[in-house]
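Spelled out from the first residue to the last, the chains are:
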Amino acid sequence: MATASSSTPQARSRDTSDPHALDIQDAAQQAETAIEPATDGDSSYETDSVAGGSEMTSLSSSVRDYTFENGRRYHRFREGAYNFPNDDAEQDREDMKHALVVAACGDKLAFAPIGNKPQRIIDLGTGTGIWCIEVGDQYPSAQVVGIDLSPIQPVWVPPNVQFLVDDAESPWTFPNDYFDLVHCRHMVQAFKDYSKALSTAYKHIKPGGWVELQELIYAPKCDDGTMPDDYVLKIFLDNVKEGLTRLGPDMYATAKLPGKVKDAGFVNITDRVVKLPVGPWAKNKTLKKVGLYLYAGIMDGLQAIAMGPMTRGLGKTPVEVELFLKEVREGMKDSKVHSYFDMHIIYGQKPE
Ligand SMILES: C[S@@+](CC[C@H](N)C(=O)[O-])C[C@H]1O[C@@H](n2cnc3c(N)ncnc32)[C@H](O)[C@@H]1O
């Protein structure tokens, strides 16, 4: 599944039986150039490494390898488990997403009341590790560990921060009753079984410790009637969702998360909602900036977001996906739409 592939370019005509279909013009030529496969042996990708050395870390070369598919780089450890790339472009986008989310949250990295001197914090699916690094600086008392399928985190980090390559959906080797905080952000599109991850987290959180999830509902909303029924961003996300569902993750699971947190055994559950505008349409200065970043992140990320789910999950060819994205890009230029996403911040406590 996760190897560089090339397909015969095929322009797809409008499929009126497909509710998610967009009108696709003949742009096979542009699409062909846009998906030129990357070279497997790019040595500039081989310098990333992972700090740390617990039994959860595997430093075998296959863990630190990458695979390439349709011109993007993907993780090799548990190959195929995560359907989005991990290359430099995607890492830049993830860091920008971090900045916009933290800005929308009033510069708070976490909301769970963990006090001033937490001892152990873990971030599941840490990505570039930027959250761990900032949390490590904020809480010098804490040992902060970030785990991810991809070894893309920097080596030079605060002394209390460590990164491990591991699968958060497999049993953890940390002791039970260990963490003050298990943090997990933007993982609905990754986890195949969020409930199971929450049960595992519960086991490894100290009595009185907290779990915190920060997840978007990937259905754009609008309060002023400017969003049409056939809003292109909604059609785009429906396609991605459909592909992902066939691969396991439920991208629309966020609304069910408070119930899942409760079912896992947590108490004192809070569900806060933060609005993330798409585009710079909000009057509030911070939200205007958030919207600008989010719009740029979506536009820059269309290919990264769609390619895996739509080729692996929906069986589309890369060229079909590129043609679809061309329509999406055009539609997204309509600045009259005042849409936004709800991001839910859900935290709960393990009983004392
Ligand atoms: C959308 S990114 C979010 C990154 C980070 N949480 C943030 O908010 O900046 C999802 C990350 O989860 C990682 N991931 C996906 N499935 C995982 C799993 N089962 N165990 C560990 N990491 C996983 C991916 O490699 C990717 O880096």
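Now for a look at the structure at hand. Nothing here was measured: the structure is a model prediction, and the numbers come from that model.

1. Focus: the overall build of the chain
When you go through the chain residue by residue, the secondary structure sums to 9 helices and 9 strands. Scored against the burial criterion, the 352 residues of the chain give a buried share of 54%. Relative to all contacts within the chain whose residues are 6 or more apart in sequence, the contacts with residues 24 or more apart total 74%. Accessible area for the chain stands at about 15,500 Å²; split by element, carbon and sulfur atoms hold 49% of it.

2. Digging into the packing of helix α3 (residues 88-104) against helix α8 (residues 285-313)
It is the contact of α3 with α8, at a shortest axis distance of 9 Å, that shows an interaxial angle of 155 degrees. In terms of orientation, α3 lies roughly antiparallel with respect to α8. Helix-helix and strand crossings are classified by hand; for α3 and α8 the assignment is left-handed. Along the contact surface, α3 presents E90, R93, M96, A99, L100, A103 and A104, while α8 presents T286, K289, V290, Y293, L294, A296, G297, D300, G301, A304 and I305.

3. Topic: helix α9 (residues 318-332)
The end-to-end C-alpha separation of α9 is 21 Å, in line with the 21 Å expected for 15 residues at 1.5 Å each. Judged by how many residues are buried, α9 sits mostly within the fold: 11 of 15 residues are covered. Of the residues making up α9, those classed as buried are P318, V319, E320, V321, E322, L323, F324, L325, E327, V328 and M332.

4. Things to note about the side chain of D167
By the element assignment, D167 lies in the loop between β5 (161-165) and β6 (179-185). Judged by its relative accessible area of 13%, D167 falls in the buried class. A distance of 2.9 Å separates polar atoms of two side chains, one belonging to D167 and the other to R78. Within polar-contact distance, the side chain of D167 engages the backbone nitrogen of E169 at 2.8 Å. Once residues within four sequence positions are removed from consideration, D167 is found in contact with F77, R78 and L149.

5. What about unusual backbone geometry?
Excluding glycine, residues mostly carry a negative phi; peptide bonds, for their part, are mostly trans. Even without being glycine, R78 reaches a positive phi, approximately 55 degrees. Relative to the assigned elements, R78 resides in the loop between β2 (72-75) and α3. The residue N268 is not glycine, and still its phi comes out positive at about 50 degrees. Looking at the secondary structure, you find N268 in strand β8 (residues 267-278).

6. Some details on the site of the ligand
Taken together, 17 residues lie around the ligand, and G125, D148, D167, A168 and R185 are the ones closest in. A distance of 2.7 Å is found between a nitrogen atom of the ligand and a backbone nitrogen or oxygen belonging to G125. The class makeup of the residues in the shell around the ligand is 5 nonpolar, 5 polar and 7 charged.

7. Let's talk about the sheet that holds β6
Here we have 7 strands laid out as an open sheet, ordered β5-β4-β3-β6-β7-β9-β8, and mixed in their pairing. Each having just a single partner strand, β5 and β8 make up the two edges of the open sheet. Here the strands of the sheet are splayed against their neighbours by 15 degrees on average, with no regard to which way each runs. Bridge count for strand β4 (residues 143-148) against β5 is 5 bridges, and the pairing is parallel. Bridging across to β5, V144 finds its partner in V161.

8. Quick word on the pattern of salt bridges
Applying the stated criterion to the full structure yields 16 salt bridges. Close ionic contact of D167 with R78 constitutes a salt bridge, the shortest N to O distance being 2.9 Å. Of this pair, D167 sits in the loop between β5 and β6 while R78 sits in the loop between β2 and α3, and the two are 89 residues apart along the sequence. Note on R78: relative accessible area 39%, which makes it partly exposed.

9. What to know about helix α4 (residues 130-138)
Of the residues making up α4, those classed as buried are W131, C132, V135 and G136. Buried residues of α4, seen end-on, are gathered within an arc of 130 degrees and therefore sit on one face of the element. The elements touched by buried residues of α4 are α3, β3 (120-124), β4, β5 and β6.

10. Considering the packing of aromatic side chains
In the structure shown here, the tally under the stated rule is 10 aromatic pairs. Measuring from ring centre to ring centre gives 5.0 Å for Y178 and F179, while their planes differ by 85 degrees; the resulting arrangement is edge-to-face. Residue classification places F179 among the buried residues on the basis of a relative accessible area of 1%. For the ring pair F191 and Y194, a centre distance of 5.0 Å and an interplane angle of 90 degrees mean the geometry is edge-to-face. Here F191 and Y194 have matching classes, each one buried.

11. A word on the packing of α8 against α9
Between α8 and α9, the shortest axis-to-axis distance is 10 Å and the interhelical angle comes to 155 degrees. Of the possible angle classes, the one that applies to α8 and α9 is roughly antiparallel. Taken as a pair, α8 and α9 cross one another with a handedness that is right-handed. On the side of α8, the interface is formed by Y295, I298, M299, L302, Q303, A306, M307, M310 and T311, while α9 contributes P318, V321, E322, F324, L325, V328, R329 and M332. Its residues assigned to classes, the contact of α8 with α9 comprises 13 nonpolar, 2 polar and 2 charged.

The rules behind each value
- Residues numbered from 1 in each chain as written.
- Predicted model: local features only at pLDDT ≥ 70, side-chain atom pairs only at ≥ 80, totals over all residues.
- Heavy atoms only, no water.
- Helix = DSSP H or I, 4+ residues; strand = E, 2+ residues; numbered from the N terminus.
- Buried < 20%, exposed > 50% of the residue type's maximum accessible area, 1.4 Å probe, protein only.
- Contact = heavy atoms within 4.5 Å.
- Areas by Shrake-Rupley, 256 points an atom, 1.4 Å probe, with all protein chains shown as cover.
- Axes fitted to C-alpha atoms, helices over the stretch in contact; angles between N-to-C directions.
- Parallel < 35°, antiparallel > 145°, perpendicular 65-115°, else oblique.
- Left-handed = near helix turned anticlockwise from the far one by under 90°.
- Expected span 1.5 Å × (residues − 1).
- Polar contact = N/O pair within 3.5 Å; in protein donor to acceptor, adjacent residues only side chain to side chain.
- Near = heavy atom within 4 Å.
- Nonpolar A, V, L, I, M, F, W, Y, C, P; charged D, E, K, R; others polar.
- Pairing = 2+ DSSP bridges.
- Salt bridge = Lys/Arg side-chain N within 4 Å of Asp/Glu carboxyl O.
- Arc of directions from axis to C-beta.
- Phe/Tyr/Trp six-rings, centres within 6.5 Å; stacked < 30°, edge-to-face > 60°.

Worth remembering: the numbers are spatial, not functional.
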